Amino acid sequence: MTMRLPDHPVQVDPHGSEPHHVPHGYSYPKERHHWWWYAGFVVAFVTVALIVIAFNAFDHASPPLCSRDVIQTLSSDDGEMELSLAQVSCFGGDHQRRLMIRRLDHGSGAPHTLATFSGDANVRATWSADREVVVSERGGRIETFQPIWRDVRVHFRK
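Presented here is an overview of the structure given in this document.

Criteria and cut-off values
Residues numbered from 1 in each chain as written. Predicted model: local features only at pLDDT ≥ 70, side-chain atom pairs only at ≥ 80, totals over all residues. Heavy atoms only, no water. Pairing = 2+ DSSP bridges. Helix = DSSP H or I, 4+ residues; strand = E, 2+ residues; numbered from the N terminus. Disulfide = S-S within 2.5 Å. Buried < 20%, exposed > 50% of the residue type's maximum accessible area, 1.4 Å probe, protein only. Patch = residues over 30% accessible without salt bridge, like charges linked within 9 Å, V, L, I, M, F, W, Y side chains within 5 Å. Areas by Shrake-Rupley, 256 points an atom, 1.4 Å probe, with all protein chains shown as cover. Salt bridge = Lys/Arg side-chain N within 4 Å of Asp/Glu carboxyl O.

**Let's talk about the sheet that holds strand β11 (residues 152-157)**
Consideration 1: Taken in spatial order, the 4 strands line up as β7-β8-β11-β10 in an open sheet, and their pairing is mixed. Looking along the sheet, the strands with just one partner apiece sit at the ends: β7 (122-129) and β10 (148-149).
Consideration 2: Alignment of β7 against strand β8 (residues 132-138), held across 7 bridges, turns out to be antiparallel. What sits directly across from A125, in β8, is V135.

**Side note on the state of the cysteines**
Consideration 1: A complete count under the given rule lists 1 disulfide for this structure.
Consideration 2: Residue C66 pairs covalently with C90 via a disulfide, S to S 2.0 Å. Linking C66 and C90, the disulfide has an S-S dihedral of approximately 105° and is accordingly described as right-handed. One end of the pair, C66, is in strand β3 (residues 66-75); the other, C90, is in strand β4 (residues 81-90), with 24 residues separating them in the sequence.
Consideration 3: Accessibility expressed as a relative area gives 12% for C90, which makes it buried.

**Details of the pairing of strand β6 (residues 112-118)**
Consideration 1: Counting buried positions along β6 yields 7 of 7 residues, so the element is predominantly enclosed.
Consideration 2: Note that β6 and strand β9 (residues 142-145) share 3 bridges and pair antiparallel. Bridged to A115 within β9 is F145.

**Notes on a nonpolar patch on the surface**
Consideration 1: The grouping of W35, W36, W37, Y38 and F41 at the surface amounts to a nonpolar patch, some 690 Å² of accessible area in total.
Consideration 2: Structurally, F41 can be placed in helix α1 (residues 35-59).
Consideration 3: On the accessibility criterion, F41 (53% relative accessible area) is exposed.

**Notes on unusual backbone geometry**
Consideration 1: The backbone phi angle of R150 is positive, close to 50°, even though this residue is not glycine.
Consideration 2: For R150, the location among the structural elements is in the loop between β10 and β11.
Consideration 3: A relative accessible area of 55% places R150 in the exposed class.

Laid out in structure tokens, this is it:
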């Protein structure tokens, strides 16, 4: 079997595309991506990363997005968990009271928000067991509440 060369040379488009042959015989222009095509992916990735970082900082009430003043801190009976009540203001907005929890065995891990209350709420939290927290609130309103965090149950009583 001999190969026969085409009678006419294949011409390459000077504007960045060249023929790309696929097995079924059709010919499509092969794209050559310019730098702005790749820059679009970079911008999209950076935007998503910034959104994730901002949400994480907001959930943990971390600076520079939020200011946090701890009002009360309670450790569980076994000493593995720490519960804290804090006055939080994010993005310079209204103050809220947040009930936050963190594991002490993970070093200086950021606390996780269990419940959020309006700024004028009188919040009281106690450990009823190693993995159970009882929360009560008067004079304000509850904005968010998470009844289970990992293996800790949170009970809300008015």
